[in-house]
Amino acid sequence: MSIEEQDILRSAVIEFAEKNIANSAVSIERAGITDDLAAALAAQGFLGAALPAEVGGAGIDRQGYAVILKELAAYSPSVSALVLITGSVAGKLLKKDGLLGKIATGEEAFAVSLWPATDGSGDAGELKISGNRITGTRRYVIGRPGGCMAAVTDDGKLVLVKSGFTLSDEDHHLSFRGLSYSVATVESGDYEVISSNGKETMESILSGMDLEIAAIALGIARGALAKTVDYTKVRKTFEKPLKDYSTVANNISRLMSELRVAEVALQASGDLNETEILMLKTHSTDLAKRATKYSLQYHGGYGYIEDFGVEKFYRDAVGLTILLENQAADGMRLSKEVFGEKSGYL
Amino acid sequence: MDFEFPEDIVRAREKAAEFARKEISSKKALMYDRQEKFPDELKKKAFEYGIVDYTNPWSMLVTIEELCRADPGMGIAATVSLFGAEVIMLFGNDSQKASYLGAVQNGSKMMGLAVTEPGGGSDVAGIKTFARKEGSKYIINGSKMFITNGAIADFFVMLVRTSNPEDGKRHHGLSTLIVPGNLPGFSRTKITGKLGVRATNTAELVLNNVEVPADNLIGEEGKGFYYIMTFFNISRAYVAAQAIGIAQGALDRVLEYLSELQSKGASSSITEEIQMAASDIATRIEASRLLTYKAASYLFQFKPNPTITSMSKAYAAETAVFATEKALEITGYSGINGDLERFFRDAKIMEIWEGTSEIEKLIIWRNLIREARGGN
Ligand SMILES: Cc1cc2nc3c(=O)[nH]c(=O)nc-3n(C[C@H](O)[C@H](O)[C@H](O)COP(=O)(O)OP(=O)(O)OC[C@H]3O[C@@H](n4cnc5c(N)ncnc54)[C@H](O)[C@@H]3O)c2cc1C
């Protein structure tokens, strides 16, 4: 997608977010993404943006998809993560059939446990196939509840469980509170084995969404910093606007510079190779953490309460790197590219 | 110079740790966090156990550290019911001490310190709440924001403006009043949806023609700014202790997680980068402790050193934030599903309350340059 087309799409996403997300961002954090919002996202073509047209998706290219993820994340990282899980996980794992079509329209919910690709050492529960049934528990399931779920069994099979499981939501989880983050209890005959190399498949899903994670991270940084620029213009201490203090102005401006450079790279990502995209992701997730920390800080006490909509960015920036990527594996991938051979593993 | 604590303080630390083991669990901490509920029972037990005693400041310092190490929200809630008491202790008259201090010291009453307003917290001299003197009473109008114990305290030490400064110096004309929480015209609204320390109670206070007897004035009229700054110099050492407890609690959990990995034969996943991150956390905690104990040593010998106090508060607060973030990165799912995600949320308040990190650094600078210029 050309830069001009990206700009047009950006305006459309912002218009949508202003209308459908801006005023309900706090309630999304408290009560989750509503079915209505999922339907509105779908109607606009955002939910299934990355899915092929044959299943009712928008079949948009990677640059356009990144625009959607980034701009949505600037309003609600949870909403953006929902689009990501739909496009980059369901879209990659599932067959191009009616089920995926329903996920694209929001009619069917989809959730996934990215274990063991994200963090293999976590206690993920036990999930086994025996005969023609699948039973047990699987932790770290993230997504929209009430539909189907993808997970890897103990013996490494990637399965899609269509019914016969419950998700017990951990109601106050750290990040992406608009989605459920749950333990799945499974007792089902209604499942399908997608791949026998579950771990590898999940790993390739993760490494295949470097650009998308970069986009979400930059959206988080943009959302937090934009609020901070506005706030520090009007908030006064010692009778001067905060923005007039050099530490405040320079810290925010430097973060903005880092953000803008990364945004430019994101826009031109069609010209980047895989290594450069991984570098962009590493830079962006690190930036998101720093930008959100300063943003919360410069909001003072108001930054610490959810009504001001800054603390969620702080939580989500750190959760992004744990729930939707594997930083240790990324470090190794990056070192391998930089040194041309396996490095950084000791 | 001896870096070891005397026996009685070592015992106080052990006693606090023992209390924490008995009374604070991950499950309880999670419940109070989710429900945003003040742990009344815990606070009561802490007094019964004899570990909340601000007349013994060193014991209190290490007690706060140990309780916050177990859980920051519960640890702070259990030890914050006397917040502001030092203002009365240092500047109040005998009758005020008799009427108000005894009850908070034995845990039967709670108090709060109300300085911050919706319009600002850093700029203490900029507060707007006004107390007009009429005969033998003050009539107070205004509002206070983010007040700890706000919805549950029996009374507050409140900073108010009693006169407009004629010399243009905004920190003149401020006074401290004792304001009971149940007076007509005084409304208090609990603030929900905090990022962390959700077991503590925080509220917005609105005062609409609230009348208090003129006898409730602490010390002299017009000296309120000085009293509050003196108080912050004391309380900041305790906040540093909270922050050290949080960072130590994070390190404990990181080490527990990594030891378990080693026992499971997964040592190779503990890369050098992780090892050094753990070492960094431990080093910063130790540095925070040294600074804080130095600040406390000056303070508890009645020769406060505001530079060191501000350094200790700012550095320990940054350490808490650094430690909890690193801890989450190291422990991944295990941390995000366990205590550490709460520690991470709780830690950030350390850089905000009782003087943000920026304000501490400005205080340090002011003192440094004054000293460099020979005290002018
Ligand atoms: C949970 C909680 C409990 C609290 N409990 C109490 C309590 O019991 N009693 C009480 O009185 N208050 C309490 N507070 C308020 C707290 O002390 C204030 O939030 C804090 O002092 C900051 O004030 P502010 O929020 O108004 O931020 P502001 O003063 O508006 O500052 C906003 C940001 O700007 C920065 N800043 C300000 N001036 C400068 C400058 N010159 N240069 C660079 N940066 C600057 C600050 O560091 C901060 O990051 C509490 C707050 C919270 C969140």
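None of the values given here were measured: they were computed from a predicted structure. (Residues numbered from 1 in each chain as written. Chains lettered and ligands numbered in written order. Predicted model: local features only at pLDDT ≥ 70, side-chain atom pairs only at ≥ 80, totals over all residues. Heavy atoms only, no water.)

Participant: What am I meant to see in the overall build of chain A here?
Facilitator: A count of helical and extended segments in chain A gives 13 helices and 10 strands. Its C-alpha atoms give chain A a radius of gyration of 20 Å, near enough to 20 Å, the size a compact globule of 346 residues would have. For the C-alpha atoms alone, the extent of chain A along its principal axes is close to 75 × 50 × 40 Å. Counting across all 346 residues of chain A, residues that qualify as buried make up 57%. For chain A, the share of sequence-separated contacts (at least 6 apart) that also reach a separation of at least 24 residues comes to 72%. Surface accessibility of chain A: about 13400 Å² in total, with carbon and sulfur atoms responsible for 52%. Looking at charge distribution, chain A has the averaged site of its 36 positive side-chain charges lying 4 Å from that of its 46 negative ones. (Helix = DSSP H or I, 4+ residues; strand = E, 2+ residues; numbered from the N terminus. Rg over C-alpha atoms; globule rule 2.2 N^0.38 Å. Buried < 20%, exposed > 50% of the residue type's maximum accessible area, 1.4 Å probe, protein only. Contact = heavy atoms within 4.5 Å. Areas by Shrake-Rupley, 256 points an atom, 1.4 Å probe, with all protein chains shown as cover. Lys, Arg positive; Asp, Glu negative; His and termini not counted. Charge placed at Lys NZ, Arg CZ, Asp CG, Glu CD.)

Participant: What is the right way to look at the layout of surface pockets in this model?
Facilitator: Taking a probe equal in size to a water molecule and rolling it over the atoms shows the remaining empty space. All names here are of chain B. Put simply, the second largest pocket is a space of about 590 Å³. Asp2, Phe3, Glu4, Phe5 and Tyr293 are the residues nearest the centre of the second largest pocket, which is lined by 17 residues in total. Only helix H1 (7-23), helix H4 (57-70) and helix H9 (272-300) provide two or more residues apiece to the lining of the second largest pocket. The greatest single-element share of the lining of the second largest pocket, amounting to six residues, is contributed by H9. Taken together, the residues of the lining of the second largest pocket break down into 10 nonpolar, one polar and six charged. (1 Å grid on protein atoms, 1.4 Å probe; cavity = no way out; pocket = protein on both sides within 12 Å on 5 of 7 lines; lining within 4 Å. Points joined across faces, edges and corners; volume = space filled by probe spheres on them. Nonpolar A, V, L, I, M, F, W, Y, C, P; charged D, E, K, R; others polar.)

Participant: How should the nonpolar core be read in this particular structure?
Facilitator: In globular proteins that are soluble, nonpolar side chains generally tend to be buried together. Phe110(A) and Met350(B) are the most contacted members of the largest nonpolar core, which totals 186 residues. Sorting elements by how many residues they give to this core places helix H8 (residues 224-263) of chain B first, with 20 residues. Among the nonpolar cores identified, the runner-up in size contains 20 residues, and Leu183(B), Ala203(B), Leu205(B) and Val210(B) belong to it. (Core = buried A, V, L, I, M, F, W, Y, C linked by side-chain atoms within 4.5 Å.)

Participant: When you look at the domain arrangement of chain A in this model, what are you seeing that I'm missing?
Facilitator: Bring the parts together and some accessible area is lost; that lost area is often taken as the interface size. Residues and elements named next belong to chain A. When its domains are assigned, chain A resolves into domain 1 (3-108), domain 2 (111-197) and domain 3 (209-339). Listed as interface residues are 19 residues of domain 1 and, on the opposing side, 16 residues of domain 2. Of the roughly 1400 Å² buried between domain 1 and domain 2, counting both surfaces, carbon and sulfur atoms make up 69%. Looking at the side of domain 1 facing domain 2, the largest losses of area belong to Ile85, Leu93 and Glu108, adding up to 31% of the total buried there. (Domains from an automatic or database assignment. Buried area = accessible area lost by both parts, 1.4 Å probe.)

Participant: Mind showing me how you'd approach the interface of chain A and chain B here?
Facilitator: With 40 residues of chain A at the contact, the number on the chain B side is 46 residues. Approximately 3700 Å² of surface area, both sides summed, lies buried where chain A meets chain B, with 59% of it carried by carbon and sulfur atoms. The interface formed by chain A and chain B holds three salt bridges in total. Here Arg170(B) makes a salt bridge to Glu239(A), at a shortest N to O gap of 4.0 Å. Summed over the shared surface of chain A and chain B, the result is 18 residue pairs in polar contact (both at pLDDT 80 or more). (Salt bridge = Lys/Arg side-chain N within 4 Å of Asp/Glu carboxyl O. Polar contact = N/O pair within 3.5 Å; in protein donor to acceptor, adjacent residues only side chain to side chain.)

Participant: Which parts of the structure should I look at to understand the site of the ligand?
Facilitator: Taken together, the neighbourhood of the ligand is formed by 31 residues, with Arg235(A), Gln297(A), Ser122(B), Phe146(B) and Thr356(B) sitting nearest. Around the ligand, the nearby residues trace back to chains A and B. Val115(B) is positioned such that a nitrogen or oxygen atom in its backbone is 2.9 Å from an oxygen atom of the ligand. In this structure, an oxygen atom belonging to the ligand sits 2.5 Å away from a side-chain N or O atom of Thr356(B). Starting from 960 Å² of accessible surface for the ligand in isolation, the protein chains cover 96%. (Near = heavy atom within 4 Å.)

Participant: So what exactly am I meant to see when it comes to a nonpolar patch on the surface here?
Facilitator: Together, Met279(A), Val338(A) and Phe339(A) give the surface a local cluster of nonpolar side chains, amounting to about 310 Å² of exposed area. Examined against the element boundaries, Val338(A) turns out to sit in helix H13 (residues 327-339). (Patch = residues over 30% accessible without salt bridge, like charges linked within 9 Å, V, L, I, M, F, W, Y side chains within 5 Å.)

Participant: What's the story with unusual backbone geometry in this structure? I'm lost.
Facilitator: In terms of backbone geometry, most residues other than glycine have negative phi values and most peptide bonds are trans. All names here are of chain A. With an omega of 0°, the peptide bond running from Trp115 to Pro116 counts as cis. Structurally, Pro116 is set in the loop between strand E1 (110-113) and strand E2 (127-130). One non-glycine residue, Phe176, lies in the positive phi region at around 50°. Mapped onto the fold, Phe176 is located in the loop between strand E6 (165-169) and strand E7 (180-188).

Participant: Would you explain the pattern of salt bridges in this entry?
Facilitator: When charged atoms on two side chains of opposite charge get close, those side chains can pair. Residue and element names in this part refer to chain A. If you walk through the whole model with that rule in mind, you get 58 salt bridges over all chains. The shortest N-O distance in the salt bridge between Glu263 and Arg222 comes to 2.7 Å. Of this pair, Glu263 sits in helix H9 (residues 246-267) while Arg222 sits in helix H8 (residues 210-234), and the two are 41 residues apart along the sequence. Residue class for Arg222 comes out partly exposed when judged on its relative accessible area of 24%. By sharing partners, the salt bridges in this structure join Asp7, Arg10, Lys70, Glu71, Arg222, Arg260 and Glu263 into a single network.

Participant: What is the right way to look at the side chain of Asp316(A) in this model?
Facilitator: All names here are of chain A. Looking at the element boundaries, Asp316 is found in helix H12 (residues 311-323). Buried within the structure, Asp316 lacks any salt-bridge partner; Arg315 is the closest side chain of opposite charge, at an N-O distance of 4.2 Å. A distance of 2.7 Å separates a polar atom in the side chain of Asp316 from the backbone nitrogen of Phe176. When residues no more than four places from it in sequence are discounted, the contact partners of Asp316 are Pro77, Ser78, Leu174, Ser175, Phe176 and Ile220.

Participant: Can you walk me through the domain arrangement of chain B in this structure?
Facilitator: All names here are of chain B. Along its sequence, chain B is carved into domain 1 (7-79), domain 2 (86-93 + 109-222) and domain 3 (226-372). A separation of 18 Å is found between the C-alpha centroids of domain 1 and domain 3. Facing the 19 residues of domain 1 at the interface are 24 residues of domain 3. At the boundary of domain 1 with domain 3, total buried surface from both sides reaches about 1800 Å², with 63% on carbon and sulfur atoms. Taken together, the connections running from domain 1 to domain 3 amount to four salt bridges. Residue Asp71 is joined to Arg342 by a salt bridge in which the shortest nitrogen-to-oxygen separation is 2.9 Å. Where domain 1 packs against domain 3, one counts nine residue pairs in polar contact (both at pLDDT 80 or more). Elements with a contribution of two residues or more to the side of domain 1 that touches domain 3: helix H2 (26-35), H4 and helix H5 (72-79). Among the elements that take part in the side of domain 1 that touches domain 3, H4 stands out by supplying nine residues, more than any other. Its residues placed into classes, the side of domain 1 that touches domain 3 shows 12 nonpolar, two polar and five charged.

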